[in-house]
Amino acid sequence: MTSDNCDLLEGSQSRTGGMLTSNVTKSAGEENATRTDSDCSYVSVVFPITMMATGMVGNSLALILVYISYRKKENRRKKSFLLCIGSLALTDLFGQLLTSPIVISVYRADLRWERIDSSGNLCAFFGVCMTTFGLCALFMASAMAIERATAITNPHWYSNHMKTSVTKQTLVVIWCLVLLFALLPVAGVGKYTRQWPGTWCFISTGDREVPGNIFFSFTFALLGIFSLLVTVSCNVVTIRGLIIRCKNKSGTSQASKHWERLTTETVIQLMGIMCVLLVCWSPLLVLMLRMISAQVSSHECNSSPESSHPSSVRDVQLDCNFFLTAIRLASLNQILDPWVYLLLREILFRKFCLVANAVSNCSIEDHKETQTALDALNKKNQESFEKPQSNKGDF
């Protein structure tokens, strides 16, 4: 955060009469100093730049690997999986490319949105992008979770009916429906407004006088929570099915050990997916529901006290910076998606299992065998990227 931006924040907050801090026990001078230090730690151009750079690297790498593997694969189930991963990475990448440069530009304009968007149309575009790419990522995660659960619980039906064309149609339907929903405020149902600290636009949660605004914001939150519940439920079903099949195949044969290793890797991956989704999206969705019920929105943080109810000033103060943190967590999901779905499994999961096995074994011979298997796996990964994924398509 530059000193100019911090000075701008201090002056803006002085004009708003201390909207973001409690004036019960502190003097005006102490409040301004506290506000400036606190807000400068939250409001910094470092956040969007770092998130854009890391997200572009991860999603671009995932797209390259998916493209190379897709051209080599003939199994339609493996192609369906690659299509889903590629679409998710492409969605996350476009979401960052279309929104992060705008945020950075506003920071360069000293946090004054009107300098780059005098008409207000850019705010609506930003809100549509946020809604579209956010919900698309959630629904694609749910679609992949449903596919995995179906494959493990009903493999015969899955083999007969799951085709690449079905996957493509599902992805197109998700994109079209979510985009139509995101365009509702443009059609007059709901509203996108600038949110604290004025560097981004999103759904307004507190304007009841806007036609359909409560419906739109409430529906967004419910759709997000529904998607999370579907993803978590299906992943739990998949984990349970994998463990049951692993117990049924228990033994000392090579096939049994291979299945145990595959089950361990997949369970770790699914647990990681659920943790990332819940940590990244739950704060934003739950906070939106609370702000809808309280009829407040984070854009009120930039308003004067006279424009809001005195009793709600402290509630807004508690929500503003947390709401900014919540949206950053949701954006963090775009960065972590390619890693939890693809890259970490390629790089770490098998090595983690082999190293854990080596630590648990007491004999030196077992350790040497594990190291030999690790060396062989490294050689195999260099020859073909898709080797670790070849068994995942069976789910």
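Each residue is numbered by its place in its chain's sequence as written, counting from 1. This being a predicted model, a pLDDT of at least 70 is required before a residue's local features are given, and a value of 80 or more before pairs of side-chain atoms are given or counted; all residues contribute to the totals for chains, interfaces and linings. The basis for the side-chain values is all heavy atoms of the structure; hydrogens and waters are excluded.

Peer 1: Even after reading the chapter, I still don't get the overall build of the protein chain, so can you show me in this structure?
Peer 2: Here a helix means four or more residues in a row that DSSP labels H or I, a strand means two or more in a row labelled E, and each is numbered from the N terminus. Across its full length, the protein chain holds eleven helices and two strands. Scanning the protein chain from its N terminus toward the C terminus, one meets helices and strands in the order α-α-α-α-α-α-α-β-β-α-α-α-α. To sort residues, take the accessible area from a 1.4 Å probe on protein chains only and compare it with the maximum for the residue type: under 20% means buried, over 50% means exposed, and anything in between is partly exposed. Among the 395 residues that make up the protein chain, the fraction classed as buried is 48%. Any pair of residues with heavy atoms lying within 4.5 Å of one another is described as a contacting pair. Considering only contacts in the protein chain between residues 6 or more positions apart, those separated by 24 or more positions represent 77%. When the accessible surface of the protein chain is totalled, it reaches about 18,800 Å², and 62% of it is carbon and sulfur. Accessibility throughout is a Shrake-Rupley quantity obtained with a 1.4 Å probe, and a residue counts as covered only by protein chains that appear here.

Peer 1: Honestly, the pattern of salt bridges in this entry has me stumped. Any pointers?
Peer 2: Oppositely charged side chains are able to pair whenever their charged atoms sit close together. The working definition used for a salt bridge is a side-chain nitrogen of Lys or Arg within 4 Å of a carboxyl oxygen of Asp or Glu. One pass over the structure, following the stated rule, counts two salt bridges. Ionic pairing is found between Asp 110 and Arg 115, a salt bridge with its closest N-O pair at 3.5 Å. In this structure Asp 110 comes out as partly exposed when scored by relative accessible area, which is 25%. Residue classification places Arg 115 among the partly exposed positions, given a relative accessible area of 49%.

Peer 1: Can you help me understand the state of the cysteines in this one?
Peer 2: Covalent bonding between the sulfur atoms of two cysteines defines a disulfide. Cysteine sulfur atoms are paired as a disulfide whenever they come within 2.5 Å of each other. What the rule picks out here adds up to one disulfide. Note that Cys 123 is cross-linked by a disulfide to Cys 201, the S-S spacing being 2.1 Å. Disulfide Cys 123 to Cys 201: torsion about the S-S bond roughly -120°, handedness left-handed. Placement of the pair is Cys 123 in helix 5 (residues 121–153) and Cys 201 in strand 2 (residues 200–203), with a sequence separation of 78 residues. Note on Cys 201: relative accessible area 0%, which makes it buried.

Peer 1: Teacher, can you tell me more about the confidence of the model for the protein chain here?
Peer 2: The predicted coordinates of low-pLDDT regions are not to be read in fine detail. Per-chain confidence: the protein chain averages 74 in pLDDT, with 66% of residues scoring 70 or above. Under a pLDDT of 50 for its full length, residues 304–318 has, in the predicted model, 17 contacts with residues more than four places off or in other chains. Each residue carries a pLDDT value, the predictor's own confidence for that position, ranging from 0 to 100. Scored below 50 in pLDDT, residues 359–368 shows three contacts in the model against residues more than four places distant or in partner chains.

Peer 1: Whenever I open this one, the nonpolar core confuses me. Can you help?
Peer 2: The nonpolar core is taken to be a set of buried Ala, Val, Leu, Ile, Met, Phe, Trp, Tyr and Cys residues, with the residues joined through side-chain atoms within 4.5 Å. If you look at the biggest cluster of nonpolar residues, it comprises 66 residues, and the most contacted ones within it are Trp 200, Phe 220 and Trp 281. Elements with a minimum of two residues in this core: helix 3 (46–72), helix 4 (76–108), helix 5, helix 7 (164–182), strand 2, helix 8 (213–248), helix 9 (254–294) and helix 10 (313–360). Residues contacting Trp 281, with those up to four places away along its chain left out, are Gly 134, Leu 138, Phe 220, Leu 228, Ala 330 and Asn 333.

Peer 1: Mind showing me how you'd approach the pairing of strand 2 here?
Peer 2: A regular strand places its side chains on the two faces of the sheet in alternate fashion. At least two bridges found by DSSP between two strands is the condition for calling them paired. Sheet topology note: the strand 1 (residues 192–195)/strand 2 ladder contains four bridges and is antiparallel. From the neighbouring strand, Tyr 192 faces strand 2, where its bridge partner is Ile 203. Turn length for the strand 1-strand 2 hairpin, with the two strands adjacent in sequence and antiparallel, is four residues, and the turn residue Gly 198 shows positive phi of about 90°.

Peer 1: Sorry if this is basic, but what is going on with the packing of helix 5 against helix 8 here?
Peer 2: Describing two packed helices takes the angle between their axes plus the distance from one axis to the other. Fitting a line to C-alpha atoms yields each axis, with helices limited to the stretch in contact; the angle taken between N-to-C directions then spans 0 to 180 degrees. Here helix 5 crosses helix 8 at 25°, and the two axes come no closer than 8 Å. When the interaxial angle is binned, helix 5 and helix 8 end up roughly parallel. Our pair here, helix 5 against helix 8, has a crossing hand that is left-handed. As a working rule, the residues Ala, Val, Leu, Ile, Met, Phe, Trp, Tyr, Cys and Pro are called nonpolar, Asp, Glu, Lys and Arg charged, and the rest polar, with Gly in that last group. Each residue belonging to the contact of helix 5 with helix 8 can be placed in one class, and the counts come to 16 nonpolar, nine polar and two charged. Geometric relationships in this document are graded by angle, where less than 35 degrees denotes roughly parallel, more than 145 denotes roughly antiparallel, 65 to 115 denotes roughly perpendicular, and other angles denote oblique. Crossing handedness follows the turn of the near helix against the far one: under a right angle anticlockwise gives a left-handed crossing, and clockwise gives a right-handed one.

Peer 1: Just checking my understanding: could you explain a nonpolar patch on the surface for this structure?
Peer 2: Grouping into patches uses exposed residues only, defined as over 30% relative accessible area, and leaves out salt-bridged ones; the cut-off is 9 Å for like charges and 5 Å for nonpolar side chains (Val, Leu, Ile, Met, Phe, Trp, Tyr). On the surface, Val 173, Leu 177, Leu 179, Leu 180, Leu 183 and Val 186 cluster together into a nonpolar patch covering about 540 Å² of accessible area. Exposure remark for Val 173: the relative accessible area of 45% places this residue in the partly exposed category.

Peer 1: Hey, could you run me through the environment of Thr 325 in this one?
Peer 2: Its place among the elements puts Thr 325 in helix 10. Residues Thr 325 and Pro 283, 42 residues apart in the sequence, show an inter-C-alpha distance of 8.8 Å.

Peer 1: Just checking my understanding: could you explain the packing of aromatic side chains for this structure?
Peer 2: Each aromatic ring pair is summarised here by two numbers: the centre-to-centre distance and the angle between the ring planes. In this analysis, rings of Phe, Tyr and Trp, with Trp reduced to its six-membered ring, are considered paired at centre separations within 6.5 Å, and the interplanar angle assigns stacked below 30 degrees, edge-to-face beyond 60, and tilted for intermediate values. On inspection of all chains with the given rule, the structure shows seven aromatic pairs. Aromatic rings pair up to connect Trp 200, Phe 202, Phe 220 and Phe 323 into one cluster. The ring of Tyr 70 carries the charged tip of Lys 79 above its face, separated from the ring centre by 4.9 Å. Here, a charge over a ring means that NZ of Lys or CZ of Arg falls within 6 Å of the ring centre while also lying within 35 degrees of the ring normal.

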